[in-house]
Number of protein chains: 2
Amino acid sequence: MADFSLNCPNPLHYDHIVMAHGGGGRLMQQLLAQIVLPTLQNPLLDQQHDSAVLAMPSGRLAFTTDSYVIKPLFFPGGDIGKLAICGTLNDLAMSAARPLHLSCGLIIEEGLPIADLQTILRSMQTAAAAAGVRIVTGDTKVVDRGKGDGVYINTAGIGVVADGVTIAPAMIQPGDAIILNSDLGRHGIAVMLEREGLNFSHSLVSDCADLSGLVGELLAAGIELHCLRDLTRGGLASVLFELATSCGLAFGIDETALPIHDDVRAACELLGLDPLYIANEGCMVAFVGEKHADALLDRLRQHPLGQQACRIGRVSDSPSRTPLTLHSRLGIARPLTLLSGEQLPRIC
Amino acid sequence: MADFSLNCPNPLHYDHIVMAHGGGGRLMQQLLAQIVLPTLQNPLLDQQHDSAVLAMPSGRLAFTTDSYVIKPLFFPGGDIGKLAICGTLNDLAMSAARPLHLSCGLIIEEGLPIADLQTILRSMQTAAAAAGVRIVTGDTKVVDRGKGDGVYINTAGIGVVADGVTIAPAMIQPGDAIILNSDLGRHGIAVMLEREGLNFSHSLVSDCADLSGLVGELLAAGIELHCLRDLTRGGLASVLFELATSCGLAFGIDETALPIHDDVRAACELLGLDPLYIANEGCMVAFVGEKHADALLDRLRQHPLGQQACRIGRVSDSPSRTPLTLHSRLGIARPLTLLSGEQLPRIC
């Protein structure tokens, strides 16, 4: 982006964010008017009032929030902007909500290249538009150099859940099949390789994707999903451990069934990481009654984000067992628990 | 808080935040289970699902977000937690929305004392409960030491706007009275004195307050408000300049009418600051037709947050004039514009 200022005169006369861009004065107005609003443009955001005022849909309201502090800001397969949209859309989708509206709170570190901010905002807009939603309200703050890390983004999302649909941990039943839509660990490994400057793989990109369209198709097809959960921080093992604990059931998963990209497997072996605990951003597990499992797999495999869909395990009702057990390729049952933290911090 | 660990054994066995508290593993679960959820406790948040699923109210939906990066975290009259609740409630109130639900996204810097986090969360809970709303969904991220500044908080808010009520900049009419509920500049000056360690005033505290109850009473009383706006970043002058510009009208304000605390005035004179550009967190301007102005003043003065309510100016329809004019105590008409940035950065 070194020649940005030559090819595209910066209307702000600044190449980098300065404190005054967050100060509520002329420079902040210029940043909003020339960079933020044209990129995220839509009639609701253009109201520029303190809140967006929106039509009330019928159904139930879903509401979620996530902050994104990923490092680096740009990684193979996406950037923090795409991630901030997809991550929050996915949180809505996991509650069976059709996403309606998003908010965007930017915490920008003084010194961020404005060209980078524009790229990130464009990614947000592209990802939101692809999902048919809009960023209807936002906020921009600037913090001093050394008190942030480029930009942190919070998005909150509102969605609508159809009456009669309840997809939640409490709905998981003994006998449920545990089904995965995609291969594990690509987001975490792609980000880590980029962060550390390791030219390990040129084909490995993050799985960062919006799952809300896929979930909408599953619901429209009448598949009786019990629970959905995206496999973000902590990866498959952490998510399943938490779910099993919260619903008091035991989950067994089959190691040989887990799809893992060769480059992810190789990077994990080389670096001593466990792919079961690596974050994903386009992976989810679905819990479904056995009689719906094949239909779910069929539907998933018809969608670009579900082509590797597979059955990875089963729910059982055995309170004496550990919440989560991995049946290894050697036939050994290995209990899985939570790690104390994240193998790879700042991954989302 | 030096003796916190002596008086109150920390259930986490950590006095300070470490990276693993944001990692999605055991330490993060402990932080949520032992510190965050008990403090913010409510049945919706306790669902711990990816989104909160809520009853859909009737009316229109208001949606807003703000991030809070104030420095220092604790200041006379409040802390970042109280501010993060009141600020977002106020944004809803300014759109005539009755606040319903809040989200909370924490970006915590490694090393934050857990006792400080608890104090901040308690402030959030207290302020939310006082307004009759709950934090129904949240997210916690931890960033490395030196990549944050204690804690940044994003809150998003959902509210409901009654059918038939529209309070927005576009509703401002020539002839409207401009009315202020409270004195100017206390938040900015109190925070700045605390930040700089100036023992200038022992009586000066931030005006940080939730205005949603007051606005609800005004609406219930049938006062036909045209527009409301809280006077945060950039203060009275910036907010009025933006509003006047956006609706293509001219606002005149009377300097002698502006209520300013003696200590604020003195601090501003000493430090070369203009109180008209200092941020407030419990101040708003209301635009109302002349025939409703006295009723509005009466109502405001009956409320603890409106006892100093006064008429400060008038809207006129003169496109040739500057958008915002201050009539000074010497009778001089001084055009006011935006400053390039904020006199006091990191004020909210």
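These figures come from a predicted structure and were not determined experimentally.

Q: Kindly report on the packing of helix H2 (residues 26-39) of chain B against helix H4 (residues 114-130) of chain B, identifying the contributing residues and their values.
A: All names here are of chain B. Between H2 and H4, the least distance of the axes is 8 Å, while the angle of their chain directions is 25°. One element, H2, and the other, H4, form an angle in the roughly parallel class. Note on element contacts: H4 touches H2 through Ile114, Leu117, Gln118, Leu121, Arg122 and Gln125, opposite Ile35, Val36 and Thr39. The residue makeup of the contact of H2 with H4, split by class, is five nonpolar, three polar and one charged.

Q: Could you give an account of unusual backbone geometry, naming the residues involved and the relevant values?
A: Excluding glycine, most residues fall at negative phi; most peptide bonds, likewise, are trans. Residues and elements named next belong to chain A. Omega for the peptide link from lysine 71 to proline 72 comes to 0°, which places this bond in the cis form. The phi angle at alanine 96 is positive, at roughly 65°, despite the residue not being glycine. Considering the arrangement of structural elements, one finds alanine 96 in the loop between helix H4 (80-94) and strand E5 (97-109). Of the residues examined, alanine 96 has 25 C-beta atoms within 10 Å and is grouped as buried. One non-glycine residue, arginine 346, lies in positive phi territory at about 55°. Looking at the secondary structure, you find arginine 346 in the segment after strand E14 (333-335). On the basis of neighbour count, arginine 346 is assigned to the buried category, with 22 C-beta atoms found within 10 Å.

Q: Can you lay out the relation of the copies chain B and chain A for me, pointing to particular residues and giving the numbers?
A: When chain B is fitted onto chain A, the two copies agree to an RMSD of 0.0 Å after a turn of 180° and an axial shift of 0.0 Å. This pairing of chains is accounted for by a two-fold axis. Looking at the interface residues of chain B, 100% of them are also at the interface in chain A, so both copies use one shared face.

Reading the values: the criteria
- Residues numbered from 1 in each chain as written.
- Chains lettered and ligands numbered in written order.
- Predicted model: local features only at pLDDT ≥ 70, side-chain atom pairs only at ≥ 80, totals over all residues.
- Axes fitted to C-alpha atoms, helices over the stretch in contact; angles between N-to-C directions.
- Helix = DSSP H or I, 4+ residues; strand = E, 2+ residues; numbered from the N terminus.
- Parallel < 35°, antiparallel > 145°, perpendicular 65-115°, else oblique.
- Contact = placed C-beta atoms within 7 Å.
- Nonpolar A, V, L, I, M, F, W, Y, C, P; charged D, E, K, R; others polar.
- Buried ≥ 20, exposed ≤ 12 C-beta atoms within 10 Å, placed from the backbone.
- Least-squares fit on C-alpha atoms with pLDDT ≥ 70 in both.

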